[in-house]
Amino acid sequence: MAAAFSLREVLAAFQTCTTERREVLLGPYLCGWRGLIRFLHSLGAVFSFVSKDAVAKVQIMENYCRGEQREKYVSLQSMVEYELANGLVDTQKRSGHPDSGCRTVLRLHRALRWLQLFLEGLRTGREDSRTSVICTDSYNASLATYHPWVVRKAATVAFCTLPPRNAFLEIMNVGTPEEAVAMLGEALPYIRDVYTITQELFAQHKLLDLP
């Protein structure tokens, strides 16, 4: 049986994700993502359209991190430098390198933005805030841009079945809703920092629109 989601675990992973030189370490990054996937799984089938893809992408990256070139995949920065220098990224259309590290992380990066916005909405919302609205607004401001209309429509319909805000906060497994809100306040700046560094790195190398 899969381990239960723990916000504390996600916080610890993203806390150790960045170095003093503002490098993003892939080990803690993937550890944080495994925790976020457990969060998605704990909500049932509603988020399966994201969680299934995230599971596959994390697996691809873990294979790189354990592979023959693992020293090139210690950080996001070393991965980008290595893959670009060796022509391992399909920049125009998917062909010889359909699952490059850069493309794979880009997909996780986009999903991380949605989760960051959603968790921030939960943190700042009122007790009677509608989670379906928070989730839909977060989705429309992030992932929806990259999904076809059919997926967008199915997602927004599914969001209507989401439990109340306090039920979400209880899923965090850190105590009362107030304690969950406090820990979200502690965790989200780290997640935001990782997102910002990744966004800037990928923008610098023109990797934000990889096919």
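Note that this is a predicted model, so its numbers are computed, not measured. Here, residues in each chain are numbered from 1, in the same order as that chain's written sequence. At least 70 in pLDDT is required for a residue's local features to be given in this predicted model, at least 80 for side-chain atom pairs to be given and counted, and no such filter applies to totals for whole chains, interfaces and linings, which use all residues. With hydrogens and water excluded, all non-hydrogen atoms of the structure serve as input to the side-chain values.

1. A word on the packing of helix 5 (residues 101-124) against helix 6 (residues 131-140)
Moving on, step 1. Lines are fitted to the C-alpha atoms to define the axes, a helix being fitted only along its stretch in contact, and any angle between axes, read from their N-to-C directions, falls within 0 to 180 degrees. Strands are runs of DSSP state E lasting at least two residues, helices are runs of H or I lasting at least four, and both sets are numbered from the N terminus onward. Interaxial distance between helix 5 and helix 6 falls to 8 Å at its minimum, and their mutual angle equals 150°. Along this stretch, helix 5 crosses helix 6, giving a crossing that reads as right-handed. On helix 6, the residues that touch Trp 114, Leu 117, Phe 118, Gly 121 and Leu 122 of helix 5 are Thr 131, Ile 134, Cys 135, Ser 138 and Tyr 139.
Moving on, step 2. Residue type decides the class: Asp, Glu, Lys and Arg count as charged, Ala, Val, Leu, Ile, Met, Phe, Trp, Tyr, Cys and Pro as nonpolar, and the leftover types, Gly among them, as polar. The residue makeup of the contact of helix 5 with helix 6, split by class, is 7 nonpolar, 3 polar and no charged. A clockwise turn of the near helix away from the far one marks a right-handed crossing, whereas an anticlockwise turn of less than a right angle marks a left-handed crossing. Whether two residues touch is decided by their heavy atoms; if any such pair falls within 4.5 Å, the residues are in contact.

2. Brief notes about helix 9 (residues 177-204)
Moving on, step 1. Compared with the 40 Å implied by 1.5 Å per residue over 28 residues, the 40 Å span of helix 9 between its first and last C-alpha is a close match.
Moving on, step 2. We define the bend at each residue as the angle formed by axes fitted to the 7 residues ending at it and the 7 residues starting at it. Residue Ala 187 marks the point of greatest curvature in helix 9, where the axis turns by about 30°; the proline Pro 189 follows within four residues.
Moving on, step 3. Just beyond helix 9, the residue with positive phi is Lys 206, at close to 55°. The span you would expect from a helix comes to 1.5 Å times its residue count less one.

3. Considering the pattern of salt bridges
It is possible for side chains of opposite charge to pair when their charged atoms get near one another.
Moving on, step 1. Any Lys or Arg side-chain nitrogen located within 4 Å of an Asp or Glu carboxyl oxygen qualifies as a salt bridge. The full count for this structure, using the stated rule, is 7 salt bridges.
Moving on, step 2. Put simply, Asp 53 and Lys 57 hold a salt bridge, and the shortest N to O gap is 2.8 Å. Taken together, the residues Asp 53 and Lys 57, both in helix 3 (residues 48-66) and 4 residues apart, mark about one turn of the helix.
Moving on, step 3. Residue burial is assigned from relative accessible area. The probe radius is 1.4 Å, only protein chains are included, and a residue is buried under 20% of its type maximum, exposed over 50%, and partly exposed in between. With relative accessibility at 34%, the residue Asp 53 sits in the partly exposed group.
Moving on, step 4. Of the charged contacts, one joins Arg 123 and Glu 120 as a salt bridge, the two residues approaching to 2.7 Å between their closest N and O atoms. Residue Arg 123 and its partner Glu 120 are located together in helix 5, separated by 3 residues, close to a single helical turn.
Moving on, step 5. What makes Arg 123 partly exposed here is its relative accessible area of 29%.

4. Regarding the packing of aromatic side chains
Moving on, step 1. A pair of aromatic rings is counted whenever rings of Phe, Tyr or Trp (Trp by its six-membered ring) have centres within 6.5 Å, and the orientation is called stacked for planes under 30 degrees apart, edge-to-face for over 60 and tilted otherwise. Following the criterion strictly, the structure yields 13 aromatic pairs and no others.
Moving on, step 2. With 6.3 Å between their ring centres and 55° between their planes, Phe 39 and Phe 168 make a pair best called tilted. Here Phe 168 lies in helix 8 (residues 165-171) and Phe 39 lies in helix 2 (residues 26-42), a separation of 129 residues in the sequence. As far as burial versus exposure is concerned, Phe 39 and Phe 168 are alike and both buried.
Moving on, step 3. Between Phe 47 and Phe 118, the ring centres sit 6.2 Å apart and the planes meet at 65°, which makes this aromatic pair edge-to-face. Here the residue Phe 47 occupies a position in the loop between helix 2 and helix 3, and Phe 118 occupies one in helix 5, the gap between them amounting to 71 residues. You'll find Phe 47 and Phe 118 in the same group, each marked buried.
Moving on, step 4. If you follow Arg 110 out to its NZ or CZ, it ends over the ring of Tyr 146, 3.7 Å from the centre.
Moving on, step 5. Whether a charge lies above a ring is judged from NZ of Lys or CZ of Arg, which has to be within 6 Å of the ring centre and within 35 degrees of the ring normal. Across from the ring centre of Tyr 195, 5.2 Å away, lies the NZ or CZ of Arg 113, which sits over that ring.

5. With respect to the side chain of Ser 132
Moving on, step 1. Within the secondary structure, Ser 132 sits in helix 6.
Moving on, step 2. We classify Ser 132 as buried; its relative accessible area is 11%.

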